[in-house]
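Architecture and fold: a report
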Amino acid sequence: MTGFDAIIARDQRIEPRDRMPDAYRATMVRQIAQHAHSEIIGMQPEGRWITRAPSLRRKAILLAKVQDEAGHGLYLYAAAETLGADRADLTAKLISGAQKYSSIFNYPSLTFADVGVIGWLVDGAAICNQVPLCRTSYGPYARAMIRICKEESFHQRQGYELLMRMTRGTPEQREMVQEAVDRWWWPSLMMFGPPDAESPNTARSMAWKIKRHTNDELRQRFVDMSVPQADALGVRLPDPELRWNEERGHYDFGEVDWAEFRRVIGGEGPCNAERIAVRRSAHEEGAWVREAAEAHAAKRAGRAA
Ligand SMILES: [Fe+2]
Ligand SMILES: [Fe+2]
C-alpha cells in the first residue's frame, strides 16, 4: 500500500501536495465549502441583535462572537483553496443555491433569548460535530478546526452564561428563554444530518477518515450533554419522550421531524430567501472593496517590477 491509502491507514494527514482520489478532493471541497458558508450565513441570525443588545457588555460579547464566525468562514475558504477551489466561485455557488449551508440558520432569531440559546445549543451542536474534525484526514481542514473549536467553546459559554442570567431574572425573562429553547431544540438535533440509515456518504467518509463518528452517534452525544445543562438552567426540553435509559447508558429521545428537515434544506425554511438575499447584497455592495484591493495589489506589483 502506498501513497494516499498508506497515509490514511497510518492515520496521518493528507496535505495539498499529496495525490488524492478525485472523489476525495471533491468531497473535501464540498464539505469545507458547506462549512465555510454556514459560518458566514450563521452571522445573520445573531448579527441582527448587535444594534439592539441590552447593554454595552452584551453588545461587546455579541460583536466578538459574530466577528469570530466571519474569521471561521475565512479560514475555511482558505482551506478549500488549498484543494484548488476558487473562493469567488464558491461564493457564487452559495448565492445561486448550488451549494448548501447548515439548515439551522434558516430559522429566525425572534428575541434576545435566542442569542443565548443559539450559543448554548447551536454552537454546542457545532462543537460536537467539529471536535472530531480536528483529527479529520485532510491536514489544512484539521488544523483550521483546532482554532475554530477553541472559539466555539467560548461561544457556547457566552450563550450559557446569558441564559443563566436570564433564568435567574424576571418571570418574563424565564419565559423568553423557555420559548426560545422550544423553537431551537429540534432544529439543533437536525444539525447532525439525516439518520445513519439515510446517509449514503457516511461509510465512505468514515473509510477516508474524514468523519470519525456517524450522525446518530454525534446526535446522541449532544442529547446526553444537553439534558443536564437544561436541568441546571431550569428549562424544559420540548420532547415528551426524553428519558434516561439505564440499559443503554444514554438518553432516549423522540423522532426528529425529517420532513421538516428536508423542506428547510430544500429552500423552504422560514428564512432561506432572506439569508441569501442579505448575502447577495453584501457581496454586491462589497464589489468596490475587492476592486480597490486588486488595483492596489497590481500597483504594488508594478512598482516592485
Ligand atoms: Fe463558527
Ligand atoms: Fe460559533
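See the structure printed just above.
Here's what I pulled together on the structure shown here. Remember, it's a predicted structure, so these values are computed and weren't measured experimentally.

What counts, and where the lines are drawn
Residues numbered from 1 in each chain as written. Chains lettered and ligands numbered in written order. Predicted model: local features only at pLDDT ≥ 70, side-chain atom pairs only at ≥ 80, totals over all residues. Heavy atoms only, no water. Donors = N, O, S within 2.8 Å, 3.2 Å for Na, K, Ca; no water. Tetrahedral: all angles 85-135°; square planar, octahedral: opposite > 155°, others 65-115°. Helix = DSSP H or I, 4+ residues; strand = E, 2+ residues; numbered from the N terminus. Buried < 20%, exposed > 50% of the residue type's maximum accessible area, 1.4 Å probe, protein only. Phe/Tyr/Trp six-rings, centres within 6.5 Å; stacked < 30°, edge-to-face > 60°. Lys NZ or Arg CZ within 6 Å of the ring centre and 35° of its normal. Contact = heavy atoms within 4.5 Å. Core = buried A, V, L, I, M, F, W, Y, C linked by side-chain atoms within 4.5 Å. Salt bridge = Lys/Arg side-chain N within 4 Å of Asp/Glu carboxyl O.

Focus: the coordination of the iron ion (ligand 1)
For the iron ion (ligand 1), the full set of protein donor atoms is Glu39 (OE), Glu69 (OE), His72 (ND1) and Glu152 (OE), and the range of their distances to it is 2.0 to 2.2 Å. Relative to the metal, the four donor atoms surrounding the iron ion (ligand 1) lie at angles of 85 to 143°, and the coordination shape comes out irregular. Positions of the donor residues of the iron ion (ligand 1) along the chain correspond to the pattern E-x29-E-x2-H-x79-E. Between the iron ion (ligand 1) and the iron ion (ligand 2) the interatomic distance amounts to 3.4 Å, and Glu69 serves as a bridging ligand to the pair. Of this pair, His72 sits in helix α4 (residues 56-81) while Glu152 sits in helix α7 (residues 139-167); the two residues are 80 residues apart in sequence, bridging distant segments of the chain. There is no split in this pair, since His72 and Glu152 are both buried.

Considering the coordination of the iron ion (ligand 2)
Protein ligation of the iron ion (ligand 2) involves Glu69 (OE), Asp123 (OD), Glu152 (OE) and His155 (ND1), the donor distances falling in the range 2.0 to 2.2 Å. Here the iron ion (ligand 2) is ringed by four donor atoms whose angles at the metal span 86 to 157°, and the overall shape comes out irregular. Positions of the donor residues of the iron ion (ligand 2) along the chain correspond to the pattern E-x53-D-x28-E-x2-H.

Let's talk about unusual backbone geometry
A negative phi angle is the norm for most residues apart from glycine, just as the trans form is the norm for most peptide bonds. Here the phi dihedral of Asp11 falls at roughly 65°; this positive angle occurs in a residue that is not glycine. Within the fold, Asp11 resides in the loop between α1 (3-9) and α2 (22-41). Of note in this structure, Lys209 is not a glycine but carries a positive phi near 60°. Residue Lys209 is classed as partly exposed on the basis of its relative accessible area, which comes to 22%.

Some words on the packing of aromatic side chains
Enumeration according to the criterion identifies 10 aromatic pairs in this entry. For the ring pair Phe4 and Trp208, a centre distance of 6.5 Å and an interplane angle of 85° mean the geometry is edge-to-face. You can see Phe4 sitting in helix α1 and its partner Trp208 sitting in the loop between α9 (202-207) and α10 (215-233), a full 204 residues away along the chain. Taken together, a centroid distance of 5.8 Å and an interplanar angle of 20° make the contact between Trp185 and Phe222 stacked. Here Phe222 lies in helix α10 and Trp185 lies in helix α8 (residues 171-190), a separation of 37 residues in the sequence. For the residue pair Trp185 and Phe222, the accessibility class agrees, reading buried in each case. An aromatic cluster is defined as three or more aromatic residues linked by ring pairs; in this entry it consists of Phe4, Tyr24 and Trp208. When the ring centre of Trp49 is taken as reference, the NZ or CZ atom of Arg52 above it lies at 4.1 Å.

Structural notes on the side chain of Glu46
Inspection of the secondary structure puts Glu46 in helix α3 (residues 43-47). Other than its neighbours up to four places away in sequence, Glu46 contacts Leu62, Lys65, Val66, Val115 and Ile118.

Here's the deal with the nonpolar core
Of all hydrophobic cores here, the largest spans 79 residues; its most connected members are Tyr24, Ile32, Trp120, Tyr138 and Trp184. Ranked by the residues each element gives to this core, the list is headed by helix α6 (residues 113-130), at 10 residues. Those residues within four positions of Tyr138 in sequence are excluded, and the remaining contacts are Ile14, Glu15, Pro16, Met20, Tyr24, Met28, Ile32, Ala79, Thr82 and Leu83.

So, the environment of Ala33
Along the chain, the position of Ala33 falls in helix α2. Here Ala33 falls in the buried class, since its relative accessible area comes to 0%. When the C-alpha positions of Ala33 and Ala92 are compared, they lie 11 Å apart, and in sequence the two are 59 residues distant. Ignoring sequence-local partners within four residues, the contact set of Ala33 consists of Leu90 and Gln99.

Focus on the pattern of salt bridges
Per the counting criterion, the structure on display carries 16 salt bridges. Residue Lys65 pairs with Asp123 through a salt bridge whose shortest N-O separation is 2.8 Å. With a gap of 58 residues between them, Lys65 in helix α4 and Asp123 in helix α6 connect regions that are remote in the sequence. We classify Asp123 as buried; its relative accessible area is 4%.

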